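# Coordinate inspection notes
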Amino acid sequence: MRLDEFRIELTGYCYRMLGSGFEAEDAVQETLLRAWRSADRYDERIGSLRTWVYRIATNVCVDMLRSAQRRALAMDLGPHARLGDALGPPLPDARWVHPIPDARALPEDSAVRRETIRLAFVAALQRLPARQRAVLILRDVLCWSAEEVATLLGSSTAAVTSALQRARATLRAHPPAPGDPWRPSDPAQRDLLDRYCAAFERHDVDALVALLREDATMSMPPFAWWLRGRADIRAALADPEASCAGARLVPVRANGSPAFWQTRPGPDGVHEPFALVVLDVADDAIAGIVTFLDAPRLVTLFAAR
């Protein structure tokens, strides 16, 4: 049974459902295990192997979501901080939308879907009830027909259409923050990112802030603290106690977006990842900076094969 060929697309599906690269990996492992165990019950006359595997993955994700708290980004949890506000206590891991490596969630032919694993888009999906979330992902992201989704869910096309309409209405009411997918062949985007990295590594706060949109945001999970606007971000970056002087940015592919390992030199002078930085780019400027501080754990996800 050709199950492993579905692994990457299933991981992308489960990631959009669950909002966590770690949980998506667990969900896919459970999906493939259940599929192997019930392989003798698969009947190709009822539906394709792909539909059958996605049905199992959907059930796994819905089960995982039954008692879960909604994952979110800091901007979804409350108003932005004011200058001088403390970071506050870190929130539990289960509260956050986590990043995922592109290589684990995007098939090679799916460059056009990069925007659908952007952090902001995945966070917006988490507002939807589980079955509405599945319907919207299958219909609007993976482009399944209403009939295929109805077969997968054991439902009717009318019910699928209704669920899709409600899901779309929720996303219109709570749209994702602006951002463009990573476009490696776009010279303007490459130039913007090169200038951002150069300013960051020089610790040139003025040059860095000049690359931001006026309404740019900055956050640092696992803290609910976040900032909006160039002025407050500039003040935070210029704070001597929060200095990133000496840090470097190493490109990495994450969430279909520009992303970097932020590294710092250890006692032996060797640079090690300190954080994972995921950027939103919109209108030729940096629109959002999300700095995930749990780099040692994330490194294991990005290094896994």
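To be clear, the structure that these remarks concern was listed above.
Here we summarise the structure given alongside this text. Fair warning: this is a prediction, and the values are worked out from it, not measured in the lab. (Residues numbered from 1 in each chain as written. Predicted model: local features only at pLDDT ≥ 70, side-chain atom pairs only at ≥ 80, totals over all residues. Heavy atoms only, no water.)

### Examining the pattern of salt bridges
- Tallying each qualifying case throughout the model produces 19 salt bridges.
- In this structure, Glu23 and Arg71 form a salt bridge, with 3.1 Å as the shortest nitrogen-oxygen distance. One end of the pair, Glu23, is in helix α2 (residues 21–37); the other, Arg71, is in the loop between α3 (49–65) and α4 (102–105), with 48 residues separating them in the sequence.
- The salt bridge partner of Arg213 is Asp215, with a shortest N-O separation of 3.0 Å.
- In this structure Arg213 comes out as buried when scored by relative accessible area, which is 19%.
- We classify Asp215 as partly exposed; its relative accessible area is 35%. (Salt bridge = Lys/Arg side-chain N within 4 Å of Asp/Glu carboxyl O. Helix = DSSP H or I, 4+ residues; strand = E, 2+ residues; numbered from the N terminus. Buried < 20%, exposed > 50% of the residue type's maximum accessible area, 1.4 Å probe, protein only.)

### Quick look at the sheet that holds strand β4 (residues 257–265)
- Taken in spatial order, the 6 strands of this open sheet run β2-β1-β6-β5-β4-β3, and their pairing is mixed. With one partner strand each, in any of the chains shown, β2 (226–228) and β3 (248–254) form the two edges of the open sheet. Between one strand and the next, the sheet's axes are offset by a mean angle of 20°, whatever the strand orientation.
- Pairing between strand β1 (residues 212–219) and strand β6 (residues 285–292): 4 bridges, direction parallel. The residue of β6 that forms the bridge with Met218 is Ile289.
- Of the strands in this sheet, β3, β4, β5 (271–282) and β6 are in contact with helix α12 (residues 295–303), which crosses β5 at around 75°. (Pairing = 2+ DSSP bridges. Axes fitted to C-alpha atoms, helices over the stretch in contact; angles between N-to-C directions. Contact = heavy atoms within 4.5 Å.)

### Considering helix α11 (residues 230–238)
- Three or more residues of α11 are buried, namely Asp232, Ile233, Ala236 and Leu237. Mapping the buried residues of α11 onto a view down its axis gives an arc of 135°, with all of them on the same face.
- On its buried side, α11 packs onto α10 (205–209), β1 and β2. (Arc of directions from axis to C-beta.)

### Description of the nonpolar core
- Counting residues in hydrophobic clusters, the biggest one holds 68 residues, and the most contacted among them are Tyr13 and Cys14.
- Sort the elements by how many residues they give to this core and α3 lands first, with 10 residues.
- Not counting residues within four places of it along the chain, the set of residues in contact with Cys14 comprises Gly19, Ala24, Ala27, Val28, Ala57 and Cys61.
- If you look at the next biggest cluster of nonpolar residues, it comprises 31 residues, including Leu193, Leu211, Met218 and Ile289. (Core = buried A, V, L, I, M, F, W, Y, C linked by side-chain atoms within 4.5 Å.)

### Describing the environment of Ala24
- You can see Ala24 is positioned in helix α2.
- Residue classification places Ala24 among the buried residues on the basis of a relative accessible area of 0%.
- When the C-alpha atoms of Ala24 and Cys61 are compared, they prove to be 8.5 Å apart, with 37 residues separating the residues in sequence.
- In contact with Ala24, other than residues within four places in its own chain, are Thr11, Cys14, Tyr15 and Leu18.

### What about the packing of helix α1 (residues 7–18) against helix α6 (residues 130–141)?
- Running from amino to carboxyl end, α1 crosses α6 at an angle of 135°, the nearest separation of the two axes being 10 Å. Taken together, α1 and α6 sit at an angle that is classed as oblique. At the point where α1 passes α6, the crossing takes the right-handed sense. Side by side, α1 and α6 meet where Tyr13, Arg16 and Met17 of the first sit next to Ala130, Arg133, Ala134, Ile137, Leu138 and Val141 of the second.
- Considering only residue class, the contact of α1 with α6 consists of 7 nonpolar, no polar and 2 charged. (Parallel < 35°, antiparallel > 145°, perpendicular 65-115°, else oblique. Left-handed = near helix turned anticlockwise from the far one by under 90°. Nonpolar A, V, L, I, M, F, W, Y, C, P; charged D, E, K, R; others polar.)

### Some remarks on the pairing of β3
- Where β3 lies against β4, 7 bridges are found, and the strand directions are antiparallel. From the neighbouring strand, Val252 faces β4, where its bridge partner is Ala259.
- Taken together, β3 and the strand that follows it, β4, pair antiparallel across an intervening segment of 2 residues, in which Asn255 is found at a positive phi of about 55°.

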